[in-house]
Amino acid sequence: MRAALHFSKYHALGNAYLVLPGMPVGARVEQVLAPYLCDWRIGIGSDGVLVGPLPSSAADFRVRIFNPDGGEAEKSGNGLRIFARYLWDKGLVTDVRFTIETAGGVVTAQVLEAGKQVQVDMGRVVFRAADDEPILERVHLADVELRICSVSIGNPHCVVLMPNPTEATARRIGPLLETHPLFPGRTNVQFMEALDMDNIRIEIWERGAGYTFASGTSSCAAAAVAYRLGLVRDLVTVHMRGGAVSIALDESYRAVMKGPVIHICDGTASLDGLPGARG
């Protein structure tokens, strides 16, 4: 019998994910399936894979998030918005708030505007520096001195302050910071410029995915850093190559993200030749 897998494909500001409601017997997501499906040459093409909904004792739903290299991510803001929209499309939720368990903690989501927008309470952004210490560190890398701030929102981030960040800069310096000894588990990297008191712009290098058009957790991390430095107010629009999301922050740096989600298609992928995919 031919092995196959049902999927739904969505994107959030150009950051695409495949939602897999179930797994074929024997399929190994980490080593085989995610890299196969995310590769546009031999698979479907995606920036990541969401497996769920799965049972949870801590929330209404649980989802597992996989990067194109097969590594499992703790959180993904765009992935969570997409997963929430998927649940709404399948009639599993309404416009009432609900909770989703991730490897990086439980978040609260709400689908708005008939599915066009999704809001997610992403939790608190935590700074590596204590409250009474400077949050910026200086790192010499690629013949440049960088000002960085390390934070976590359930997954790790390195925010780099610089004027006029570019895709070329993200592609050149991002991989070096991702694997820098400061981050033994690797990190996501954002190159951030404050535009005014309400807007910032970022270029993104994602751990396990590379250069990325948009990222929800990156937006939360960069907005929190800008807010703590006094560069912006508590409601920030984060501009990325794929578009913009809004991030609302409170005094504890709890981040609530709101942004669009687009459904692309549903389909069935043949898994012929995929090791371990046949039941």
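Residues numbered from 1 in each chain as written. Predicted model: local features only at pLDDT ≥ 70, side-chain atom pairs only at ≥ 80, totals over all residues. Heavy atoms only, no water.

## Here we look at empty space enclosed by the protein
Counting across every chain of the model gives one cavity of 30 Å³ or more. Of the pockets and cavities examined, the largest cavity occupies roughly 80 Å³. Every residue along the wall of the largest cavity is listed here: Tyr17, Asn67, Ala73, Lys75, Ser76, Asn155, Asn188, Glu206, Arg207 and Thr217. For the lining of the largest cavity, the residue count by class is two nonpolar, five polar and three charged. (1 Å grid on protein atoms, 1.4 Å probe; cavity = no way out; pocket = protein on both sides within 12 Å on 5 of 7 lines; lining within 4 Å. Points joined across faces, edges and corners; volume = space filled by probe spheres on them. Nonpolar A, V, L, I, M, F, W, Y, C, P; charged D, E, K, R; others polar.)

## What to know about the pattern of salt bridges
Taken as a whole and assessed by the stated rule, the structure comprises 15 salt bridges. Note that Arg64 and Glu72 form a salt bridge whose closest N and O atoms lie 2.8 Å from each other. For Arg64, a relative accessible area of 26% puts it in the partly exposed group. Relative accessible area serves as the criterion here: at 35%, Glu72 is assigned to the partly exposed category. Among the ionic pairs, Arg128 bridges to Glu137, the shortest N-O distance being 2.8 Å. Overall, Arg128 belongs to the partly exposed group, its relative accessible area being 45%. A relative accessible area of 28% means that Glu137 is categorised as partly exposed. Ionic contacts of the salt-bridge type, sharing partners, join the residues Asp69, Glu178 and Arg186 into one network. (Salt bridge = Lys/Arg side-chain N within 4 Å of Asp/Glu carboxyl O. Buried < 20%, exposed > 50% of the residue type's maximum accessible area, 1.4 Å probe, protein only.)

## Quick notes on the packing of aromatic side chains
This model, assessed by the stated rule, comprises six aromatic pairs. Relative to Tyr86, the ring of Phe83 has its centre 6.5 Å away and its plane inclined at 15°; by these criteria the two rings are stacked. Taken together, the residues Phe83 and Tyr86, both in helix 2 (residues 77–89) and three residues apart, mark about one turn of the helix. Here Phe83 falls in the buried class, since its relative accessible area comes to 0%. (Phe/Tyr/Trp six-rings, centres within 6.5 Å; stacked < 30°, edge-to-face > 60°. Helix = DSSP H or I, 4+ residues; strand = E, 2+ residues; numbered from the N terminus.)

## Let's talk about the environment of Asn78
Mapping Asn78 onto the fold places it in helix 2. On the basis of relative accessible area, Asn78 is assigned to the buried category, the value being 1%. In sequence terms Asn78 and Leu13 are 65 residues apart; their C-alpha atoms lie 8.2 Å from each other. Sequence-distant contacts of Asn78, that is, excluding residues within four places in its chain, are made with Ala12, Asn15, Ala214, Ser215 and Gly216. Reaching out from Asn78, the side chain makes a polar contact with the side chain of Arg81 at a distance of 2.8 Å. (Contact = heavy atoms within 4.5 Å. Polar contact = N/O pair within 3.5 Å; in protein donor to acceptor, adjacent residues only side chain to side chain.)

## What about the environment of Ile100?
Following the sequence through the fold, Ile100 ends up in strand 6 (residues 98–102). Taking the C-alpha atoms as reference points, Ile100 and Ser56, separated by 44 residues in sequence, lie 8.5 Å from one another. With residues near it in sequence (within four places) discarded, Ile100 still touches Ala59, Phe61, Val63, Leu80, Phe83, Ala84, Gly105, Val106, Val107 and Ala109.

## Quick look at the state of the cysteines
All told, the structure shown has zero disulfides when counted by the stated rule. We note that Cys38 lacks a disulfide partner, and the nearest cysteine sulfur, in Cys265, lies 14 Å from it. (Disulfide = S-S within 2.5 Å.)

## Let's talk about the pairing of strand 7 (residues 105–112)
With five bridges connecting them, strand 6 and strand 7 associate as antiparallel partners. Residue pairing for strand 7: Glu101 is matched across the bridge by Val106. Where strand 6 hands over to strand 7, the hairpin turn is made up of two residues, counted between the paired strands. Hairpin connection, strand 7 to strand 8 (residues 117–124): the antiparallel pair is bridged by four residues, and Glu113 has positive phi, about 55°. (Pairing = 2+ DSSP bridges.)

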